[in-house]
Amino acid sequence: MGFVLTFTIFGSLFNIAAYYHLLGAVLVLFFLGLKDDILVLSAKSKFIVQLIVSLLLVLSSNLTISSLYGVFGIYEIGSLSAIAITTFVFVLIINSYNLIDGIDGLAGTIALCFLTVSSVLFYNSNSITLCVISIILMGSVMAFLQYNFSIKKKIFMGDTGSMIVGFLISFLLVNILNLKELNLVFFSYQTNPVLLIALLFYPLLDTARIFFVRLIILKKSPFSADKNHIHHKLLSLGFKHYQISLFVGVATLILAFLSLLIVNETIYFQLFSIIFIGILLFFTPVILHKMKSFKFNFLKDGILLFLILLSMGVMQSCASKKDVLYFQDGTDANIINTRIGDQKIESNDILAVKIYSIDPEVSKIYNIDLLEGSVGVSNLETMKLKGYLVSDEGSIIMPVLGKVVVNDKTTAMLEAFLKEKLIVEGHLKEPIVSVRILNSKITILGEVRSPGTFTFVEKNLTLLQALGLAGDLTISGKRQDVLLIRNENNRKTIYHLDLTSRDWMSTDLYYIKQNDVIVVNPNNAKIKSSGIIGNPGTLIAIISFLLTGFLLIKN
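Everything numeric here is computed off the predicted structure, so don't read it as measured data.

Caption draft 1: Quick peek at the overall build of the chain. Counting its secondary structure elements, the chain contains 21 helices and twelve strands. In the chain, the proportion of contacts linking residues at least 24 apart, taken out of those at least 6 apart, comes to 68%. In the form shown here, the chain has an accessible surface area of approximately 28,700 Å², with 64% of it arising from carbon and sulfur atoms.

Written as structure tokens, this is what we have:
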């Protein structure tokens, strides 16, 4: 009720009306959970309703997970597959969240961890409505926790609360996956599912463990109740409810923080690291308890320990400092400041030509006012629309001056030509002419944060500045062999640059020319880890991970 009332009140301030289908889904789940808490429904009935509600929301809102982010080498997926995967994620999270609601504070604490991060992400992406929804749900959960931890005035979440909160978390999760890259305080968050898996790792791990224990070991229905949850194991060790909730909350935030630290690694490295570290984190109390009575068996435990240590070493990045540091050839270097000459103007170039004189009113008729009525980021695009497009014949049409041939002239040559023309023909005295090419562009591909084609107006843009436009090289970029493809005398020339050295900075390769193409190839560490089983080391890591997980889950 707290969520619904606040949701509708804020509808007049924010664009919450676009999410009223969410309110309808929440109300259906509310009555489903209420009936289950009072009369007890079968797991099959609840599953069917959850499936229908999730599917209807996905179809009505067109909100889907449209990419696998490189898992199994797959990125974009079809619409039907996206709908099926999104619906499955909704149902999975609803039931995973429902299963962990076995002790006071646990479900609410995990929800608070997730909602705190989601609020920050939505705020940084300027998705204010979704941010407000996150904060509303956070406030409702905090109010619930006050009484959930209470001794005299206690309330429980039940299926009613757990299904609603799990459903809303699923909704926010899918919206986060549709965000673009965000610049947080210390991190650049590139949208991928690993951070979200880290935030929901405990309920997902507990669900996987319960299904494994019930189906494989106990040979019974996975929906039957028992005390095989992780929190039951912790209770048996003497931990109190609030201690377990606090431990799981802190471990969840640590895991989320670690996922941000490795956001630039391959998707496989991120997934295996988070799963491996997450299992160790959440089973730490159990491991410490068992170590008190632990007797080392060399044949059994020694091999397992060796595989664990080996996998941890293999799963780390194979790149060293020599692979990632720029300019490693000493602190002092004599760098000659070599500037490239102005490039010749070609057909389809867009020129900005400004003519000034002592009397601004007199020179005004020779100009197109490029910036009139435009501000901020739109300036450059407006200038392009109002600039002079060089025709196929290599000429432009200017006010008063008429047709001017500009082909094969540099910007400096054109400035001198126009200045002389204005003086000789008696147009202006002591004119000042400025010419710039507005659509100079470069293309940057490969292991950079934001590959693409970029336009620039600087006459002397450096290679380092160009890489800065693309967000710099990722940790996987091969700095010793960056390719620069340049058109010289109607021939394509490929240069190989070593960014770990300063030698190339004294050549004309230091400055970018129009239509240059920069290609950053992946380093050896990235190539080796490009497949899920790209090398023997990765195979050993997977085997040891499975062995470790099996023993921890079984015990």
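Caption draft 2: Broad picture of helix α5 (residues 106-124). The terminal C-alpha atoms of α5 lie 28 Å apart, and with 19 residues this matches the ideal 27 Å at 1.5 Å per residue to within 8%. Counting buried residues in α5 gives 14 out of 19 residues, a clear majority hidden from the surface. Positive phi shows up at Asn-126, right after α5, with a value of about 65°.

Caption draft 3: Seen up close, the packing of aromatic side chains. Within this structure, the stated rule accounts for six aromatic pairs. Measuring from centroid to centroid gives 5.4 Å for Phe-90 and Phe-167, while their planes differ by 45°, and the two rings are tilted. Highlighted residues: Phe-90 in helix α4 (residues 79-99) and Phe-167 in helix α7 (residues 158-177), separated in sequence by 77 residues. Grouping residues by exposure puts Phe-90 and Phe-167 together as buried. Taking the centre distance of 5.1 Å and the plane angle of 80° together, the rings of Tyr-510 and Tyr-511 count as edge-to-face. Considered together, Tyr-510 and Tyr-511 belong to a single accessibility category, that of buried residues. Cluster of aromatic residues (ring-pair linked, three or more members): Phe-201, Tyr-202 and Phe-282.

Caption draft 4: Local environment of the nonpolar core. One finds Phe-114, Ile-133, Phe-167, Phe-171 and Leu-173 to be the most contacted residues of the largest nonpolar core, which totals 88 residues. Here this core takes twelve residues from α7, the largest share from any one element. With 23 residues, the next largest nonpolar core counts Ile-444, Leu-473, Leu-509 and Tyr-510 among its residues.

Caption draft 5: Spotlight on the pairing of strand β11 (residues 491-497). Bridge count between strand β10 (residues 477-488) and β11: seven bridges; the pairing is antiparallel. Counterpart to Arg-486 in the pairing with β11 is Thr-493. Adjacent in sequence and paired antiparallel, β10 and β11 are bridged by two residues, among which Asn-489 carries a positive phi angle near 55°.

Caption draft 6: Highlighting the pairing of strand β9 (residues 452-456). Of the strand pairs in this sheet, strand β8 (residues 440-446) and β9 are connected by five bridges, and their pairing is antiparallel. Bridged to Ile-444 within β9 is Gly-452. Hairpin connection of β8 to β9: five residues between the antiparallel strands.

Caption draft 7: Focus on the sheet that holds β9. Pairing in this open sheet of five strands is mixed, and the strands run β9-β8-β12-β10-β11 from one edge to the other. Every other strand in the sheet has two partners, leaving β9 and β11 as the edge strands with one partner each. Neighbour-to-neighbour, the strand axes of this sheet turn through a mean angle of 20°, independent of strand direction. Strand direction decides the pairing type here: β10 and strand β12 (residues 517-522), joined by five bridges, are antiparallel.

Caption draft 8: Structural view of the side chain of Glu-447. Among the structural elements, Glu-447 can be located in the loop between β8 and β9. A polar contact is formed between the side chain of Glu-447 and the side chain of Thr-474, at a distance of 3.0 Å.

Caption draft 9: Summary view of the pattern of salt bridges. Applying the stated criterion across every chain yields a total of six salt bridges. Between Glu-425 and Lys-421 there is a salt bridge, and its shortest N-O distance comes to 2.8 Å. Between Arg-486 and Asp-516 there is a salt bridge, and its shortest N-O distance comes to 2.7 Å. Here Arg-486 is found in strand β10, whereas its partner Asp-516 is found in the loop between β11 and β12, with 30 residues between them in sequence.

Caption draft 10: Here's a closer look at the sheet that holds strand β3 (residues 350-356). Spatially, the three strands line up as an open sheet ordered β4-β3-β7, and their pairing is antiparallel. Looking along the sheet, the strands with just one partner apiece sit at the ends: β4 (388-389) and β7 (432-437). Both β3 and β4 contribute to a ladder of two bridges, which runs antiparallel. By the bridge assignment for β4, Leu-351 is matched with Tyr-388. Along the sheet face, helix α18 (residues 411-424) touches β3 and β7 and points at about 150° away from the line of β7.

Rules and cut-offs
- Residues numbered from 1 in each chain as written.
- Predicted model: local features only at pLDDT ≥ 70, side-chain atom pairs only at ≥ 80, totals over all residues.
- Heavy atoms only, no water.
- Helix = DSSP H or I, 4+ residues; strand = E, 2+ residues; numbered from the N terminus.
- Contact = heavy atoms within 4.5 Å.
- Areas by Shrake-Rupley, 256 points an atom, 1.4 Å probe, with all protein chains shown as cover.
- Expected span 1.5 Å × (residues − 1).
- Buried < 20%, exposed > 50% of the residue type's maximum accessible area, 1.4 Å probe, protein only.
- Phe/Tyr/Trp six-rings, centres within 6.5 Å; stacked < 30°, edge-to-face > 60°.
- Core = buried A, V, L, I, M, F, W, Y, C linked by side-chain atoms within 4.5 Å.
- Pairing = 2+ DSSP bridges.
- Axes fitted to C-alpha atoms, helices over the stretch in contact; angles between N-to-C directions.
- Polar contact = N/O pair within 3.5 Å; in protein donor to acceptor, adjacent residues only side chain to side chain.
- Salt bridge = Lys/Arg side-chain N within 4 Å of Asp/Glu carboxyl O.

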